[in-house]
Amino acid sequence: MYSAPASVVDVPAQQQAPNPPARGLTATIARWFDTSARIERSGAELDRVDWLRIVPFIGLHLACLGVIWVGFSWFALWTALALYFVRMFAITGFYHRYFSHKTFKTSRVMQFLFALLGASCVQRGPLWWAAHHRNHHRHADTPLDVHSPVTRSFIVSHMGWFLTPRGFPTDHAVIKDLEKFPELRWLDRYDLLIPVLLAVGLFVLGDVLESHAPGLGTNGWQLLVWGFFISTIALFHVAVTINSLAHVWGTRRFFTRDNSRNNWFLALLTMGEGWHNNHHYYPGSARQGFRWWEIDMTYYGLRALAALGLIWDLRPVPAKILAAARSHTGSGR
Ligand SMILES: [Zn+2]
Ligand SMILES: [Zn+2]
């Protein structure tokens, strides 16, 4: 059975600052800006929501209410939608299918550019994300899976798990291949920087457009609220449905040891990640929709990047698994 350690310093050795682990207000606030800030936690504290640390996360949600004051423009809406889909692709194509599963190859520059785009989604850095995801596949829907809706509550599987001290650290043992890159370690450490730059950039763009293209009807505050806050919160809650809903809602084509599901609705919203039972059955392919009608926008995007020569060696679904997919349409259980 799973048992919680009595005490942890939830930052690994290679990121540790020379000073001893701290407790209290300043240490927690330091962690907003530097994920290597060391904090000592123990016992039941590990599974309690760390309210002070998650103030920025709560703030992101509350900032969406700014829409009451900033109003609407088509330009702001299209900006929000574009940033939703482009950044969803960075999460699904790169944080998931590249960093977590290595289902294709790319250059170091492309790897970093998409890591930056992924980091702008406020879902931490690529090392933290990939480490948790690799452990998810290893322990899916067992007590060791920190975001299983089967062994934990639905709300914990959706977002409660990373709000606690237990969900904060990166398991460096499972991402040694990614830690070779200092730029990725840097991004993981200062992961708040990129979304802040995106938010500031959107504000400045809106401000410039207000004076130079008044016909668009937008301004700095409006573009900040729609383009950053609303887009980011929608992207976040949809992306994490793959941890929560995609393990309880949908059909099961393949027998897997977990409770993963295929769900066409989630696949449309997440650009292909909703074919989650397929993915748990064969996580090694760049493609997750195994039938022609299983729409997988991320895979089509990856094919386009491959056609441009920006990524290569996309790992296919083995023929015998495709044949099995054709003969099983799903049990519904
Ligand atoms: Zn899963
Ligand atoms: Zn996966």
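Residues numbered from 1 in each chain as written. Chains lettered and ligands numbered in written order. Predicted model: local features only at pLDDT ≥ 70, side-chain atom pairs only at ≥ 80, totals over all residues.

(A) Geometry of the overall build of the chain. Scanning the chain for helices and strands turns up 14 helices and four strands. In terms of overall size, the chain behaves like a compact globule, its C-alpha atoms giving a radius of gyration of 20 Å where 333 residues would be expected to give roughly 20 Å. Its C-alpha atoms give the chain principal-axis dimensions of about 60 × 55 × 35 Å. Each of the 333 residues in the chain was classed as buried or not, and the buried ones make up 39%. Long-range pairs, those at least 24 residues apart, make up 67% of the contacts in the chain with a sequence separation of at least 6. (Helix = DSSP H or I, 4+ residues; strand = E, 2+ residues; numbered from the N terminus. Rg over C-alpha atoms; globule rule 2.2 N^0.38 Å. Buried ≥ 20, exposed ≤ 12 C-beta atoms within 10 Å, placed from the backbone. Contact = placed C-beta atoms within 7 Å.)

(B) How the structure looks around the domain arrangement of the chain. You can read the domains of the chain as domain 1 (1–42) and domain 2 (54–327). Using only C-alpha atoms to locate each centre, domain 1 and domain 2 end up separated by 26 Å. (Domains from an automatic or database assignment.)

(C) Layout of unusual backbone geometry. Of note in this structure, Val-122 is not a glycine but carries a positive phi near 60 degrees. Here Val-122 is to be found in the loop between α5 (108–119) and α6 (126–139). With a phi angle near 60 degrees, Met-271 is a residue other than glycine that sits in the positive phi range. Summarising the element assignment, Met-271 is placed in the loop between α11 (264–269) and α12 (276–281). Looking at Met-271, the number of C-beta atoms within 10 Å reads 24, which means it is buried.

(D) Main features of α5. Its 12 residues place the ends of α5 16 Å apart at the C-alpha level, agreeing with the 16 Å of an ideal helix rising 1.5 Å per residue. When α5 is considered as a whole, its buried residues turn out to be Gln-111, Phe-114, Ala-115, Leu-117, Gly-118 and Ala-119. Residues of α5 that are buried in the fold lie against α4 (74–100), β3 (105–106), α6, α8 (182–189) and α9 (193–212). (Expected span 1.5 Å × (residues − 1).)

(E) Focus on the packing of α4 against α5. In the contact formed by α4 and α5, the axes pass within 8 Å of each other and the chain directions differ by 125 degrees. Considering their axes alone, α4 and α5 lie oblique with respect to each other. Crossing of α4 against α5: the hand is left-handed. Here Arg-87, Ala-90, Ile-91, Phe-94 and Tyr-95 of α4 lie close against α5, whose contacting residues are Phe-114, Ala-115, Leu-117 and Gly-118. When the residues that make up the contact of α4 with α5 are grouped by side-chain class, the tally is seven nonpolar, one polar and one charged. (Axes fitted to C-alpha atoms, helices over the stretch in contact; angles between N-to-C directions. Parallel < 35°, antiparallel > 145°, perpendicular 65-115°, else oblique. Left-handed = near helix turned anticlockwise from the far one by under 90°. Nonpolar A, V, L, I, M, F, W, Y, C, P; charged D, E, K, R; others polar.)

(F) Examining the packing of α4 against α6 more closely. It is the contact of α4 with α6, at a shortest axis distance of 9 Å, that shows an interaxial angle of 65 degrees. Crossing geometry of α4 relative to α6 is assigned as right-handed. For the pair formed by α4 and α6, the contact residues are Tyr-95, His-96, Phe-99 and Ser-100 on the first element and Pro-126, Trp-129, Ala-130, His-133 and Arg-134 on the second. For the contact of α4 with α6, the residue count by class is five nonpolar, three polar and one charged.

(G) Up close: the nonpolar core. Core analysis: the biggest nonpolar cluster contains 49 residues, and Ala-90 and Ala-130 have the highest contact counts within it. At the level of elements, α4, α5, α6, α8, α9, α10 (220–239) and α11 are the ones that each hand at least two residues to this core. Top element by residues in this core is α4. It accounts for 12 residues. Ignoring any residue separated from it by four or fewer positions in sequence, one finds Ala-130 in contact with Tyr-95, Phe-99, Ser-100, Ile-175 and Leu-178. (Core = buried A, V, L, I, M, F, W, Y, C linked by C-beta atoms within 7 Å.)

(H) Fine view of the confidence of the model for the chain. Confidence in the prediction for the chain averages 90 pLDDT; 91% of positions are at 70 or higher. Across residues 1–18, confidence stays below pLDDT 50; counting only partners more than four residues off in sequence or on other chains, it has 32 contacts. (pLDDT = per-residue confidence, 0-100.)

(I) Summary view of the environment of Leu-205. Looking at the secondary structure, you find Leu-205 in helix α9. The spatial distance from the C-alpha of Leu-205 to the C-alpha of Lys-320 is 51 Å, given a sequence separation of 115 residues.

(J) Up close: the environment of Phe-89. Mapped onto the fold, Phe-89 is located in helix α4. According to the C-beta neighbour criterion, Phe-89 is buried, with 20 such atoms within 10 Å. Through-space distance from the C-alpha of Phe-89 to that of Tyr-281 is 22 Å; in sequence the pair is 192 residues apart. Sequence-distant contacts of Phe-89, that is, excluding residues within four places in its chain, are made with Met-271, Thr-298 and Gly-301.

(K) Quick peek at the environment of Val-174. Topologically, Val-174 is positioned in the loop between α7 (154–158) and α8. In this structure Val-174 comes out as partly exposed when scored by C-beta crowding, with 17 C-beta atoms within 10 Å. In this structure the C-alpha to C-alpha distance between Val-174 and Ala-131, which are 43 residues apart in sequence, comes to 5.9 Å.

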